[in-house]
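In case you want the letters, here they are:
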Amino acid sequence: MSTDFQALVLNQQDGKTTSNVQGLSLQDLPEGDVLVQVEYSSINYKDAMAVTGTGKIIRQFPMVPGIDSAGTVIESSNPRFKVGDAVVLTGWGVGERHWGGLAQRQRVKADWLVPLPQGMSPLTAMTMGTAGLTAMLCVMALQDAGVASGPVLVSGATGGVGSVAVAVLARLGYSVSALSQRPDASRAYLTQLGATDVIGGPEWSEKPSPLATQRWAGAVDVVGGTTLARILSETHYGGAVAACGLAGGVGLETTVMPFILRGVRLLGVDSVMCPTERRLLAWQRLSTECPNVEGLGLQRVVGLSEVLAISQEMMAGRAHGRVVVDVNR
């Protein structure tokens, strides 16, 4: 069989997920009205779960993972996109229910694509990726809620969403405290991103009091669980918390007291099914408000053959920042 491109393909054997870089033909690709020549993808926490077989991210095999991609249109039957257009894709179940971006070619629905912002390269787009989009949506949610100044907290700060959130908030003039499981080891990295303080400690895994000393005007939380409960108990009167992750668990053991005695708002943020109009605005803001992201040291570039090892590293909690995949490397 002739092969037209290389892709990372997941299969299931004896109940275990396997991953291999292999050649595919264009006929193997699922239906869609736009064919994209992918230049870069990335590895998000959800990708790492899929590649390592953790949880039930993938339910149908074979599957090409990768919830992010950026590249150039090479075929299109949709009038919204023409050959040569630079595009970016995040979310919409791609890499979970539909073949994703860890491949040199990708056939998708036009509704899933947005134009790459003018002046942003595919490499920059994937340095941002779903993590950057989610981080900006969280920042926008805090600003919409009136959190214009004051100390803000970012949990899971060394991860993809947390890293970009720290960088964006710092560039916007906020005083950012970065919460990390290993504050001493990550201090130099987070300070370089713009954090004014790096915190952490065993108290963040302990059940908090219903109302604690007010510390934060706002927060971006990617951890959930006990961490989110503590953040809520420490948020200023009238403050807001943008929650977008569950790395620390899906439960939330808290009380109504922060909400009814301090007027704290808990803002849920989703980037997977985010409406196109708000998605476009977030990408545009990323391009103008965090333009030199490669110079921040939050990104490393790997090839398709390295995805499994990096995914295992990520699931073990040893990765930080953003991992970009050069699919042609």
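These lines cover the structure that appears in this document, whether it is placed above or below. No experiment lies behind these values; they were computed from the predicted model shown.

**What about the pairing of strand E15 (residues 322-326)?**
Side chains on a regular strand alternate between the two faces of the sheet. With five of five residues buried, E15 lies mostly within the body of the structure. Residue alternation in E15 divides its side chains into two sets, Arg322, Val324 and Asp326 and Val323 and Val325, and both sets are buried. The handedness of the strand E14 (residues 299-303) to E15 crossover, carried by helix H8 (residues 307-315), is right-handed.

**Focus on the side chain of glutamine 106**
Position of glutamine 106 among the secondary structure elements: in strand E6 (residues 105-108). Residue classification places glutamine 106 among the buried residues on the basis of a relative accessible area of 2%. Side-chain polar atoms of glutamine 106 contact the side chain of serine 69, separated by 2.7 Å.

**Things to note about the packing of aromatic side chains**
Under the counting rule described, the total for this entry stands at zero aromatic pairs. Over the face of the ring belonging to tryptophan 204 we find arginine 230, whose NZ or CZ atom lies 5.8 Å from the ring centre.

**A look at the environment of leucine 280**
Tracing the sequence through the fold places leucine 280 in helix H7 (residues 276-289). We classify leucine 280 as partly exposed; its relative accessible area is 37%. The residues touching leucine 280, leaving out its near neighbours within four places in the chain, are Val114 and Pro115.

**Some remarks on unusual backbone geometry**
The omega torsion of the bond from phenylalanine 61 to proline 62 falls at -5°, within 30 degrees of zero and hence cis. Structurally, proline 62 is set in the loop between helix H1 (45-52) and strand E4 (68-76). Phi at aspartate 14 takes a positive value of approximately 55°, unusual for a residue other than glycine. Tracing the sequence through the fold places aspartate 14 in the loop between strand E1 (5-13) and strand E2 (16-24). Residue aspartate 14 is classed as exposed on the basis of its relative accessible area of 76%. In the Ramachandran plot, tryptophan 92 falls in the positive-phi region, its phi being about 65° despite a non-glycine side chain. Assessed through its relative accessible area of 15%, tryptophan 92 is described here as buried.

**Thoughts on the packing of helix H3 (residues 160-171) against helix H4 (residues 183-193)**
If you want to describe how two helices pack, look at the angle between their axes and the distance between the axes. As a packed pair, H3 and H4 sit with axes 8 Å apart at the nearest point and diverge in direction by 40°. Viewed along their axes, H3 and H4 adopt a mutual orientation that is oblique. Across the interface between the two elements, Ser163, Val166, Ala167 and Ala170 of H3 pack against Tyr189, Leu190 and Leu193 of H4. For the contact of H3 with H4, the class distribution of residues is six nonpolar, one polar and no charged.

**As for the pattern of salt bridges**
In total, this model carries 12 salt bridges according to the counting rule given. For lysine 82, the salt bridge is made with aspartate 85, and the minimal N-O distance between the two is 3.1 Å. By relative accessible area, lysine 82 is classed as exposed at 57%. Sharing partners across several salt bridges, the network here consists of Arg215, Arg230 and Glu234.

**A word on the sheet that holds strand E8 (residues 151-154)**
Reading across the sheet, the six strands line up as E10-E9-E8-E11-E12-E13 and stay open at both edges, with parallel pairing between neighbours. Each end of this open sheet is capped by a strand with a single partner; those strands are strand E10 (197-199) and strand E13 (265-268). Sheet twist, expressed as the mean angle between neighbouring strand axes with direction ignored, is 20°. Along the sheet face, H4 touches strand E9 (175-179) and E10 and points at about 155° away from the line of E10.

**Looking at the pairing of strand E12 (residues 235-243)**
Note that strand E11 (residues 216-221) and E12 share five bridges and pair parallel. Within the sheet, the bridge partner assigned to aspartate 221 lies in E12 and is alanine 243. For the segment spanning E11, helix H5 (residues 225-234) and E12, crossover handedness is right-handed.

**Overview of the environment of threonine 288**
Within the element layout of this structure, threonine 288 appears in helix H7. When the C-alpha positions of threonine 288 and glutamine 104 are compared, they lie 28 Å apart, and in sequence the two are 184 residues distant.

Conventions used here
- Residues numbered from 1 in each chain as written.
- Predicted model: local features only at pLDDT ≥ 70, side-chain atom pairs only at ≥ 80, totals over all residues.
- Heavy atoms only, no water.
- Buried < 20%, exposed > 50% of the residue type's maximum accessible area, 1.4 Å probe, protein only.
- Helix = DSSP H or I, 4+ residues; strand = E, 2+ residues; numbered from the N terminus.
- Right-handed = clockwise from strand over helix to strand, strands pointing away.
- Polar contact = N/O pair within 3.5 Å; in protein donor to acceptor, adjacent residues only side chain to side chain.
- Phe/Tyr/Trp six-rings, centres within 6.5 Å; stacked < 30°, edge-to-face > 60°.
- Lys NZ or Arg CZ within 6 Å of the ring centre and 35° of its normal.
- Contact = heavy atoms within 4.5 Å.
- Axes fitted to C-alpha atoms, helices over the stretch in contact; angles between N-to-C directions.
- Parallel < 35°, antiparallel > 145°, perpendicular 65-115°, else oblique.
- Nonpolar A, V, L, I, M, F, W, Y, C, P; charged D, E, K, R; others polar.
- Salt bridge = Lys/Arg side-chain N within 4 Å of Asp/Glu carboxyl O.
- Pairing = 2+ DSSP bridges.

Remember that the coordinates give geometry; whether it matters functionally is a separate question.
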